[in-house]
Each structure stands twice: as C-alpha cells, then as structure tokens.
Amino acid sequence: MPLALLALAVGAFGIGTTEFVMMGLLPDVADDLTISIPTAGHLVSAYALGVVIGAPLLAAATARMPRRTVLIGLMALFVVGNALSALAPDHHWLLAARLLSGLPHGAFFGVGAVVATGMVAPERKARSVSLMFLGLTVANIAGVPVATAMGQHLGWRATFLGVSVIGVAAIAALALLVPRDHAPAHATGLRGELAALRSLPVWLALGTTVAGFGALFAAYSYITPMLTDAAGYADSSVTLLLALFGVGATIGNLLGGRLADHSLRGTLFGGLVSLVLVLALFPLLMRTEAGAAVAVALLGTAAFVTGSPLQLMVMEKASTAPSLASSANQAAFNLANAGGAWIGGLALAAGFGTTSPALAGAALAALGLAVAATSYTVDRRTPAPAPGRPHRVITAHVPEDAKPVRR
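Since the structure is predicted, the reported quantities are computational estimates derived from the model, not experimental observations.

### Some words on the packing of helix α6 (residues 125-154) against helix α7 (residues 156-177)
Between α6 and α7, the shortest axis-to-axis distance is 6 Å and the interhelical angle comes to 140 degrees. The pairing of α6 with α7 is recorded here as oblique in orientation. The handedness of the crossing between α6 and α7 comes out as right-handed. On α7, the residues that touch A147, M150, G151 and L154 of α6 are W156, A158 and T159. In terms of residue class, the contact of α6 with α7 is built from five nonpolar, two polar and no charged.

### Considerations on the nonpolar core
L216, F282, M286 and L299 are the most contacted members of the largest nonpolar core, which totals 57 residues. Here this core takes ten residues from helix α9 (residues 200-220), the largest share from any one element. Other than its neighbours up to four places away in sequence, F282 contacts I223, M226, A295, L299 and A358. Counting 35 residues, the second largest nonpolar core, distinct from the first, contains A12, V51, V70 and A116.

### Structural notes on empty space enclosed by the protein
Scanning the model with the defined rule gives two cavities of 30 Å³ or more in all. Taken as a whole, the largest cavity holds about 310 Å³ of empty space. In terms of lining residues, the largest cavity is bounded by 20 residues, among which L136, F213, F217, F304 and F333 are the most central. Those elements giving two or more residues to the lining of the largest cavity turn out to be α1 (4-33), α6, α9, α11 (238-260), α15 (307-317) and α16 (322-349).

### Quick notes on helix α17 (residues 356-381)
With 26 residues, α17 should reach 38 Å at 1.5 Å per residue; the first-to-last C-alpha distance of 38 Å fits that figure. Every buried residue of α17 is listed here: S356, P357, A358, A360, G361, A362, L364, A365, G368, V371, A372 and S375.

### Considerations on the side chain of T209
Within the secondary structure, T209 is located in helix α9. The class for T209 is buried, based on a relative accessible area of 0%. A distance of 2.7 Å separates the side chain of T209 from the side chain of N329, its partner in a polar contact. In this structure, T209 is in contact with G214, L310, N329, A332, F333 and A336, ignoring residues within four places of it in sequence.

### Examining a nonpolar patch on the surface
A cluster of nonpolar side chains, L49, I53 and L57, forms an exposed patch at the surface whose accessible area comes to about 280 Å². Along the polypeptide, L49 turns up in helix α3 (residues 42-61). Taking relative accessible area as the criterion, L49 reaches 47% and is therefore assigned partly exposed.

### What to know about the environment of Y222
Summarising the element assignment, Y222 is placed in the loop between α9 and α10 (223-230). Spatially, the C-alpha atom of Y222 lies 8.5 Å from that of T355, the residues being 133 residues apart in sequence.

### A look at the pattern of salt bridges
If charged atoms from side chains of opposite charge come close, those side chains can pair. For the structure on display, the rule yields three salt bridges. D32 is paired through a salt bridge with R157; the nearest N and O atoms lie 3.6 Å apart. On the criterion of sequence distance, the pair formed by D32 in helix α1 and R157 in helix α7 is long-range, its members being 125 residues apart. The salt bridge partner of R265 is D379, with a shortest N-O separation of 2.1 Å. Of the two residues, R265 sits in helix α12 (residues 264-280) while D379 sits in helix α17, which places them 114 residues apart along the sequence. According to the relative accessible area criterion, R265 is buried, its value standing at 17%. D379 sits in the partly exposed class, given a relative accessible area of 22%.

### Structural notes on the layout of surface pockets
The calculated volume of the largest pocket comes to roughly 980 Å³. Mapped by element, the contributors of at least two residues to the lining of the largest pocket are α1, α3, α6, α9, α10, α11 and α16. Class assignment of the residues belonging to the lining of the largest pocket gives a composition of 21 nonpolar, eleven polar and one charged.

### As for the confidence of the model for the protein
Chain-level statistics for the protein give a pLDDT mean of 83 and a share of 89% at 70 or above. Counting contacts from residues 385-407, a segment whose pLDDT is below 50, to residues more than four positions away or on other chains yields one contact.

### Re α6
Between its first and last C-alpha atoms α6 spans 41 Å; for 30 residues at 1.5 Å apiece the expected length is 44 Å, and the two agree. The largest bend in α6 amounts to roughly 55 degrees and is located at A139. At the exit of α6 stands G155, carrying a positive phi of roughly 100 degrees.

### Points about unusual backbone geometry
With a phi angle near 50 degrees, T34 is a residue other than glycine that sits in the positive phi range. Examined against the element boundaries, T34 turns out to sit in the loop between α1 and α2 (37-40).

### Structural notes on the environment of W203
The residue W203 is located in helix α9 in this model. The spacing of W203 and A328 is 125 residues in sequence and 10.0 Å in space, taken between C-alpha atoms.

### With respect to the environment of S274
Summarising the element assignment, S274 is placed in helix α12. Along the chain, S274 and L298 lie 24 residues apart, while their C-alpha atoms are 9.0 Å from each other. From its side chain, S274 meets the backbone oxygen of G270 in a polar contact 2.8 Å long.

What counts and how
- Per chain, residues are indexed from 1 in the order of the written sequence.
- For a predicted model such as this one, the threshold for reporting local features is a pLDDT of at least 70, and the threshold for listing and counting side-chain atom pairs is 80 or more; totals across whole chains, interfaces and linings nevertheless cover every residue.
- Side-chain measures here rest on the full set of heavy atoms in the structure, leaving out hydrogens and waters.
- Note on definitions: angles span 0 to 180 degrees between N-to-C directions of axes, and those axes are lines fitted to C-alpha atoms, for helices only across the stretch in contact.
- For the purposes of this entry, the term helix denotes a DSSP run of H or I that reaches at least four residues, the term strand denotes a run of E that reaches at least two, and both are numbered from the N terminus.
- Here roughly perpendicular refers to angles of 65 to 115 degrees, roughly parallel to angles under 35, roughly antiparallel to angles over 145, and oblique to all remaining angles.
- When the near helix sits turned anticlockwise from the far one by under a right angle, the crossing is termed left-handed; a clockwise turn instead gives a right-handed crossing.
- Contacts were defined at the residue level, with two residues in contact if any of their heavy atoms lie within 4.5 Å.
- For this classification, the nonpolar set comprises Ala, Val, Leu, Ile, Met, Phe, Trp, Tyr, Cys and Pro, the charged set comprises Asp, Glu, Lys and Arg, and every other residue, Gly included, is treated as polar.
- Residues belong to one nonpolar core when they are buried, are Ala, Val, Leu, Ile, Met, Phe, Trp, Tyr or Cys, and are joined through side-chain atoms within 4.5 Å.
- Exposure categories follow from relative accessible area, calculated using a 1.4 Å probe and restricted to protein chains: below 20% of the type maximum is buried, above 50% is exposed, and the middle band is partly exposed.
- The definitions used throughout rest on a 1 Å grid laid over the protein atoms alone, on which a cavity is an enclosed set of points accommodating a 1.4 Å probe that cannot get out and a pocket is an open set flanked by protein within 12 Å on both sides along at least five of seven lines; lining residues are those having an atom within 4 Å of a point.
- Grid points are joined across faces, edges and corners, and a volume is the space filled by probe spheres set on the points.
- Multiplying 1.5 Å by the residue count of a helix minus one yields the expected span of that helix.
- Whenever two N or O atoms come within 3.5 Å, that pair is a polar contact, provided that in protein one can donate a hydrogen and the other can accept it, and provided that, for residues adjacent in sequence, both atoms are side-chain atoms.
- Each patch is built from residues that are more than 30% exposed by relative accessible area and take part in no salt bridge. Like charges join if they lie within 9 Å; nonpolar side chains (Val, Leu, Ile, Met, Phe, Trp, Tyr) join within 5 Å.
- Residue exposure ignores everything except the shown protein chains as possible cover, and the areas themselves are Shrake-Rupley values with a 1.4 Å probe.
- Any carboxyl oxygen of Asp or Glu that lies within 4 Å of a side-chain nitrogen of Lys or Arg is treated as forming a salt bridge with it.
- Confidence of the predictor at the level of single residues is given by pLDDT, which spans 0 to 100.
- Bend, at a single residue, is the angle you get between axes fitted to the 7 residues ending at that residue and the 7 residues starting at it.

Dropping the structure here:
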C-alpha cells in the first residue's frame, strides 16, 4: 500500500477527532460561554450541517482541479475552521466556526477515496479506502479521549488548537506523499458531475448508507443510558466502553476492506445482516455488564464492516463523477447520524424502554438490507453497456494470395 494513504489517514484522524470531541466538551463550553447544554448541543448539529452542505458543493466546485491540490485546500479550510473555533468570543461565532469546520469533511473523504483507489490495483480498492477510514476509527480510540482530557484540563479552546495542529501535519503529509501528477480530476466538469447523480443505482446506494448507518446512530446516540440504566455500569466506566466501540469499529473497518476486495456485495449484505442481529440482541445483552461490553464492541464491528463497501459501491455507480458521488455518500453518513438519533429518540419517548433505540436501529438495518437487495435487483435487470460502445468493424476482403504466408 502506498505511503500516500498515511497522509489521508492523518487527515481523517483530525476530522474524526473534531467531529466527535464536542460531545465530551459540551459542559465545559456551556459553562464558559454561559449558555445551556441544549443550546451548546447545537454546535454538534452545526458541524453535521456543514458536512451535508459542503460535501456535494465543494466536490462539484473543485471537479476540474488536481485532486492533490483539492485535498490540501480542504485541509487548510479545516485548520482555519478549528482555529476560529478556538478563538470564538461567543456562542454565535463558535456556531459559525463549527459550521465552517464541517464544510471540508465530506469532500475530503470523497476526493480522498478516489485518490486512494486510484493508487492501488483493482483488487485492493476497498482495502485502500478502509486504510483511509482507519484514521477516523482510531480517532474514536485515541484522538477523542485525549482531546477531551486536554479540554477538561487546559480548557476547551486548547482542544481546537490541538486539532488545528493535526490539520497542519496532515497538510504537510499530503504535500510530501501524494504525487503531484496523480490521477488528474475527470474532465466532465460541474454539469457532468451533477448528471451522474441522476442515476437510480447511485441513489439506491446512498439510501443504503442512510438506512444502514442510521441503524448504528439510532442505538449509539443513546448508548450511555443503556450502559448505566440497563447494564448497571457506573458513569465513570462509559468512556472506556466507548473506546471499546472504537476498537470494534477499527476491526470492522479493516475486515470490511479486506473482504470487500473479494466480494463487495457479499460483504455489504453480511455486514447488514450482522448489524440486524447485533441490534436485535441488545435488550438481552444489556442485562449484564459482560454482555453489554460485548454488545458495544460488536456494534462497532458490524456497522463499520459496511463502511468501505458502501463507499466503493457509490463510486462505482457514478463512475463518471466519483468525487461528487463519494462526497455525497459522506453527506449521507451525516444524514444517517441525525435521522438515526431522531428515530431512536422517538422509541424512547414512546416509552418502549431504555434499549428500545437498538430495536429501532435493527428495523433501520433491515430497511438498509432491503434497499441493498433492491439495488442488486436493479443491477441484474439493467444490462451493462459495453465499454465505449465500439462501432461495428467492417473488414475488407483480402484475397488469398495477398495473405501473409506462415513459415
């Protein structure tokens, strides 16, 4: 695997850290800016909104630019957004800075996935995407806990300055390791990129992402009350268990990349079926501390097995505009985050019990499996066009005496 994947993973590590660290810093930010915790929670939503807005827009706007330049520019925007977060004088400025920080997120992963797959042999494409995503999953194990501890001891502003430093390191790594002449962007331009999104298979793939990862966030958004109220863990143990989720996610990500190179659809279907089973078993596993720990790790593994296959499938369905489609898939991940949390909250509000968000997640995973099966059916019924649609070749008659004589 090329070293350039390391540069992409460093960028992913910084992005993953700034995305999830705000959850742990909400009380500190609320106290410092004299706002309520629910109001501070809008900072999480602002980042997600930035991802949804920025992913397709930035990918389309940079369609004709060299991808190495695009990646460096996106990471520079990431650094500026986090630096402004650290310097924000009040809640409104911080809200705007968090929105700005989220803008490059989806486009970075989208363009990065195209660069990663372009540097390896076809049979290693999914593995290359999983290695880029490795930075995101490792951020949940190391980056977020360390950044949260930094914020609690040195102030939340120090956390965002630290994340900015990671972004600068990523820029240096991208400049040094990603070749200048690597995989120039496709010449279709904005109109061609947008036209690729009219395809039904592309939208079915994006729908699978929304439903499949919505299943994860329906349960994960409420994992703390499940662990404390249902499994009986102390509040102080939750951080360690969330790191266990990160370990499971890392294993699932690497496993999914390796398996998808052998069978993309098989890995996707297997991951979704596993996710349905794990979430359906949550009410049973959450009855004991040991079972709850196993459930958290399995949730991360089952969900992230599908990450690389989903990313690669969207790129293949929009082969003429892989950067835009890949970035749109990142927007779909964040829609899944918001939608899954909302659906899980509905189950709780309806009084179905502490573990009911997991059952809602199981239903969403089953929906994702149904959408993936529909996509498979559509693919089978749609004949694949011959590459380039070659013109009919007319062969001139060659007299026998004019043919070369074999000796």
